[in-house]
Amino acid sequence: MNRRTVLPVLLILLLLVAGCGGEDVRDDSFLPPDAIVVVDGKVLTGSHLEILLPAGEKTPFSASEKAAWVRQWVEVELLYGEAVRRGLNNDPRIRARLDSFEREFLADHLTFIELRERIQVSEEEIGEYFEDHRNQYIYEYRVSHIMVDSYEDAVQVQEILEKKSFTWVANRHSVDPVARRGGDLGYLTKGNMIPAFETVVFDMKPGEVSDIVQSEFGYHIIKLVGMREAQVKVELDDVRERIMNQLVMRRRHAAYRDLIDRLTERAEVEYFDGGYSGDTPPADTVSVEEDADTAAADTTKTEE
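For clarity, every value in this text was computed on a predicted model and none was experimentally measured. (Residues numbered from 1 in each chain as written. Predicted model: local features only at pLDDT ≥ 70, side-chain atom pairs only at ≥ 80, totals over all residues. Heavy atoms only, no water.)

## Focus: the environment of Phe-217
- Examined against the element boundaries, Phe-217 turns out to sit in the loop between strand 6 (209–214) and strand 7 (219–229).
- In this structure, the C-alpha to C-alpha distance between Phe-217 and Asp-149, residues 68 residues apart in sequence, is 8.1 Å.
- Setting aside anything within four residues of it in sequence, one finds Phe-217 in contact with Met-147 and Ile-194. (Helix = DSSP H or I, 4+ residues; strand = E, 2+ residues; numbered from the N terminus. Contact = heavy atoms within 4.5 Å.)

Next up, the structure:
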């Protein structure tokens, strides 16, 4: 979302968590000198508006942009006041959601503070990564796969592959309509295949078939059909940004896990039902960390 766009969700969250988002005033004689607007005794001041505006912007907000935020504040305050008058703030489910919003917002802000200094990547690191993975950039990999919806289906496919060819099984069991022609995905290069494939394919030899690989799309069994030199030569400048994003995401993931581990050691966490302790993939499923090439849009929450 563009930083120039009014963010009603953020405003609503701040207003609900804070209970209002403005200061109480009894009459005009008590108005702060930087008061901007009053709604039913709640005043928005210039200093409070600066707190609501997203921090860290390279250029200051214009007068019209600030005016849009003020109008949004007024609308939310009107709705908030009506919600309170109707007693919606006393609904146990709503109170639980508000508490959850506050906890998640503070948790995200703590994560942002902890990670921002630990995810810097130097030019030297980018160059070293490129040299260490040069072979992945100079070859194209012809890949076939069989995709199914569940781990159990993937196990069944493995059993069928012991008796039938990869092409035969892909044509009859793969749920990927694009890859029905024997599962053939054509020649792929680093950066244009999903991260789960990259992690596995680069360690395979032509003709080799992988174990079960899980991705965001389903469960796969991959076959590396062959390799050839890339038709387009790739230099560091061509992939610098992609490498930087990948290293940043890996460092962010490691720093986040380190933070959680340290907090877990200091806290008392006890599950009374193992089913709630987290999803554990089957032992023989390939586990793959998310790659920055496709995870840069999400991934870990940071502040704007």
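After that view, the rundown keeps rolling.
## Quick notes on the nonpolar core
- If you look at the biggest cluster of nonpolar residues, it comprises 14 residues, and the most contacted ones within it are Tyr-141, Val-143, Met-193, Phe-197, Val-201, Ile-222 and Leu-224.
- Elements supplying a minimum of two residues to this core: strand 4 (139–148), helix 9 (195–201) and strand 7.
- With four residues, helix 9 is the single largest residue contributor to this core.
- Of all hydrophobic cores here, the second largest spans 13 residues; its members include Leu-115, Tyr-129, Val-234 and Val-248. (Core = buried A, V, L, I, M, F, W, Y, C linked by side-chain atoms within 4.5 Å. Buried < 20%, exposed > 50% of the residue type's maximum accessible area, 1.4 Å probe, protein only.)

## Concerning the sheet that holds strand 4
- Taking strand neighbours across the sheet as the criterion, the four strands line up as 5-4-7-6 in an open arrangement whose pairing is antiparallel. For this open sheet the edge positions go to strand 5 (184–188) and strand 6, each flanked by a neighbour on one side alone. Neighbour-to-neighbour, the strand axes of the sheet open up by a mean angle of 30°, direction not taken into account.
- Relative to strand 5, strand 4 is paired through three bridges, and the arrangement is antiparallel. Pairing of Ser-144 across the sheet is with Asp-184, part of strand 5.
- Contacting strand 4, strand 6 and strand 7, helix 7 (residues 151–161) runs over the sheet at an angle of about 55° to strand 7.
- Packed on one face of the sheet, helix 8 (residues 166–173) meets strand 4, strand 6 and strand 7 and runs near 50° to strand 4. (Pairing = 2+ DSSP bridges. Axes fitted to C-alpha atoms, helices over the stretch in contact; angles between N-to-C directions.)

## A few points about the pattern of salt bridges
- Under the definition given, this model contains 13 salt bridges.
- Salt-bridge contacts for Arg-262 lead to Glu-114; the nearest nitrogen and oxygen are separated by 3.7 Å. In this pair, Arg-262 is assigned in helix 10 (residues 236–266) and Glu-114 in helix 4 (residues 92–115), connecting sequence segments 148 residues apart.
- Across the pair Arg-240 and Glu-123 runs a salt bridge, and its minimum N-O distance is 3.0 Å. Separated by 117 residues along the polypeptide, Arg-240 in helix 10 and Glu-123 in helix 5 (residues 123–132) bring together distant segments of the chain. (Salt bridge = Lys/Arg side-chain N within 4 Å of Asp/Glu carboxyl O.)

## Focus: helix 4
- If you check helix 4, its first and last C-alpha atoms are 34 Å apart, about what 24 residues at 1.5 Å a residue would give, namely 34 Å.
- Regarding helix 4, the residues found buried are Leu-98, Thr-111, Phe-112 and Leu-115.
- At the N-terminal end of helix 4, a side-chain oxygen is found 2.8 Å from the backbone nitrogen of Arg-93, two or three residues along, and the residue is Asp-91. (Expected span 1.5 Å × (residues − 1). Polar contact = N/O pair within 3.5 Å; in protein donor to acceptor, adjacent residues only side chain to side chain.)

## Re the pairing of strand 2 (residues 35–39)
- Where strand 2 and strand 3 (residues 42–45) come together, four bridges link them in antiparallel fashion. Bridge pairing links Ala-35 to Thr-45 in strand 3.
- Count of turn residues in the strand 2/strand 3 antiparallel hairpin: two residues, of which Asp-40 carries a positive phi of about 50°.

## Thoughts on a nonpolar patch on the surface
- Together, Val-269, Tyr-271 and Tyr-276 line one region of the surface with nonpolar side chains, adding up to about 400 Å² of accessible area.
- Following the sequence through the fold, Tyr-271 ends up in the loop between helix 10 and helix 11 (292–295). (Patch = residues over 30% accessible without salt bridge, like charges linked within 9 Å, V, L, I, M, F, W, Y side chains within 5 Å. Areas by Shrake-Rupley, 256 points an atom, 1.4 Å probe, with all protein chains shown as cover.)

## Brief notes about the packing of aromatic side chains
- This structure, assessed with the given rule, holds three aromatic pairs.
- Taking the centre distance of 5.3 Å and the plane angle of 35° together, the rings of Phe-130 and Tyr-137 count as tilted.
- Classification of Phe-130 as buried rests on a relative accessible area of 2%.
- Plain terms: the ring middles of Tyr-151 and Tyr-219 are 6.2 Å apart, the flat faces sit at 70° to each other, and that makes the pair edge-to-face. Placement of the pair is Tyr-151 in helix 7 and Tyr-219 in strand 7, with a sequence separation of 68 residues.
- Lying across the ring of Trp-168, Lys-164 places its NZ or CZ 4.9 Å from the centre. (Phe/Tyr/Trp six-rings, centres within 6.5 Å; stacked < 30°, edge-to-face > 60°. Lys NZ or Arg CZ within 6 Å of the ring centre and 35° of its normal.)

## Examining the packing of helix 4 against helix 10
- Following both chains from N to C, one finds helix 4 and helix 10 inclined at 115°, their axes separated by 10 Å at the closest point. Two packed elements cross with a definite hand, and for helix 4 against helix 10 that hand is right-handed. Mapping the contact onto sequence places Thr-111, Glu-114 and Leu-115 in helix 4 and Arg-252, Ala-255, Tyr-256, Leu-259 and Arg-262 in helix 10.
- Residues belonging to the contact of helix 4 with helix 10 are distributed by class as follows: four nonpolar, one polar and three charged. (Left-handed = near helix turned anticlockwise from the far one by under 90°. Nonpolar A, V, L, I, M, F, W, Y, C, P; charged D, E, K, R; others polar.)

## A look at the packing of helix 5 against helix 10
- Relative to each other, helix 5 and helix 10 sit at 105°, their axes nearing to 9 Å. Here helix 5 lies roughly perpendicular to helix 10, going by the angle between them. Across the interface between the two elements, Glu-123, Glu-125, Ile-126, Gly-127, Tyr-129 and Phe-130 of helix 5 pack against Leu-236, Val-239, Arg-240, Ile-243, Met-244, Gln-246, Leu-247, Arg-250 and Arg-251 of helix 10. (Parallel < 35°, antiparallel > 145°, perpendicular 65-115°, else oblique.)

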